[in-house]
Amino acid sequence: MNDEGRFGQYGGSFIPEILYSSQQQLLRAYREAMADSNFVNLVRSEMQHFSGRPTPLTFCANLTRQLGGAQIFLKREDLNHSGAHKMNNVIGQGLLAKRMGKPRVIAETGAGQHGVASALVSARLGLDCTVYMGAHDIERQYPNVFWMKQLGAKVIPVTTGAATLKDALDEALRDWSSSYEDTHYLIGTSCGCAPYPEMVAGFQSVIGEEVKDQSLEQFNKYPDRIYACVGGGSNACGIFLPFVNESSELIGVEAGGRGDAPGDHAMRFNTDQARFGIAQGFATKFLQDEQGQLLPTHSISAGLDYVGVSPILADLEENGKVRMTSASDDEVMEAFTLLTRYEGIIPALESSHAVAGGLREAATMNPEESIVISVSGRGDKDIFNIAKALNDKPFNAFLETYLKQSEVA
Ligand SMILES: Cc1ncc(COP(=O)(O)O)c(C=O)c1O
């Protein structure tokens, strides 16, 4: 990254004049904090004692045997407190907000995992927390909304646009423009103006650092391939960056959705519907039409339908350091079922994209090779969507009965 937060032609800072001094303050505060060993140790300590790090690297004996190819390992970010990798970044930024003397944080959320992590850390650190969430995502992820509220956060539904993550981000930026003096904007992924992409990727890099130690310990070399799902790109940056100069191949798996038509997927790579653009404070590859209007997106998972992508990943892909592929909604459900049935691990629908990409390729590799798949989160939050996708009639009947009983009570 250069001083303006550029990664090749991507990244940078394209923000309204009014936010300039706040953004500069954040940049300075982040650099100073990371040079202060007390701060770095505090972040590590919270990751260990509050979130439960290090997360395990789990060998999948049954699927490895079943597929007959590469040895399959999972990096278990689902075992973080709050059930997803989002916690790593929120611990870092929450402590930074405290250090900057900001009593309030705002956050945007898609799947709700970043919102829950922000609410949890705010409760612990005594910060006032407001979460912006698209109304469509609220419908898909209501359990997470419920927990955010229990934790004392204010959840503001966003009804503009497609009412998903991009729109929540717009609203959060609007809030920050008038509240920056006492508010830290706690962005949940490796996107946005500098220093957010670098900062979020930095806090998430603990994932890849741990994989380095664990893979040497468990199979005496670094993995041949590493897979991560790519929404905004934070779990992918986190597991990939420590390996960028190693021989491991790094593979991002995007949301292939229900087809290639505009609005049916969220692939920012391997499609002519995405190209260089500047929006939401930074430059990256955005899905857009000929006039440059951002396109609608679709994914079975609420956390992968962002219209842009981390400028770090856009640059790495352009330089051949990361390969991008995708998994369709149907492949994702198949991968979800395989991991659940054969290994007793229930992945989030976002993470099931990485599982789909990894299992597809593991079968074509040889048994001397090893792969690591980032299980970025656990599937509990997706219970309603999964029951719907599997057309689980008993579950729907249970919901109807439960609702009727609640009405009577
Ligand atoms: C479990 C899980 N994995 C992955 C993502 C995608 O985010 P990112 O690409 O920043 O890792 C999300 C987003 O909400 C998520 O909840």
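Residues numbered from 1 in each chain as written. Predicted model: local features only at pLDDT ≥ 70, side-chain atom pairs only at ≥ 80, totals over all residues.

Provide a residue-level description of the site of the ligand, including the pertinent values.
If you check the shell around the ligand, you find 21 residues, and the closest are G231, S234, G303, S376 and G377. Of all the secondary-structure elements, those providing two or more residues to the shell around the ligand are α5 (113-125), α11 (234-240) and α14 (349-362). Looking at the shell around the ligand element by element, the count peaks at three residues for α11. Here the residues of the shell around the ligand sort into seven nonpolar, 13 polar and one charged. Shared between two domains, the shell around the ligand takes at least three residues from each, and those domains are domain 1 (6-48 + 85-193) and domain 2 (53-83 + 201-388). (Near = placed C-beta within 6 Å. Helix = DSSP H or I, 4+ residues; strand = E, 2+ residues; numbered from the N terminus. Nonpolar A, V, L, I, M, F, W, Y, C, P; charged D, E, K, R; others polar. Domains from an automatic or database assignment.)

So what's going on with the sheet that holds strand β14 (residues 370-375)? Which residues, and what values?
As summarised here, the arrangement of the six strands in space is β3-β4-β14-β9-β10-β13, forming an open sheet in which the pairing is mixed. Single-partner strands in this sheet number two, and they are β3 (57-59) and β13 (322-328). Looking at each pair of strands side by side, their axes are set apart by 30 degrees on average, direction ignored. As judged from the five bridges shared by strand β9 (residues 225-229) and strand β10 (residues 249-257), these two strands associate in the parallel manner. (Pairing = 2+ DSSP bridges. Axes fitted to C-alpha atoms, helices over the stretch in contact; angles between N-to-C directions.)

Can you break down the pairing of β13 residue by residue, with the values?
Taken across its seven residues, β13 has five buried, putting it largely inside the fold. When β10 meets β13, the two strands line up parallel, connected through seven bridges. Within the sheet, the bridge partner assigned to E254 lies in β13 and is S326. (Buried ≥ 20, exposed ≤ 12 C-beta atoms within 10 Å, placed from the backbone.)

This is a description of form; function is not addressed.
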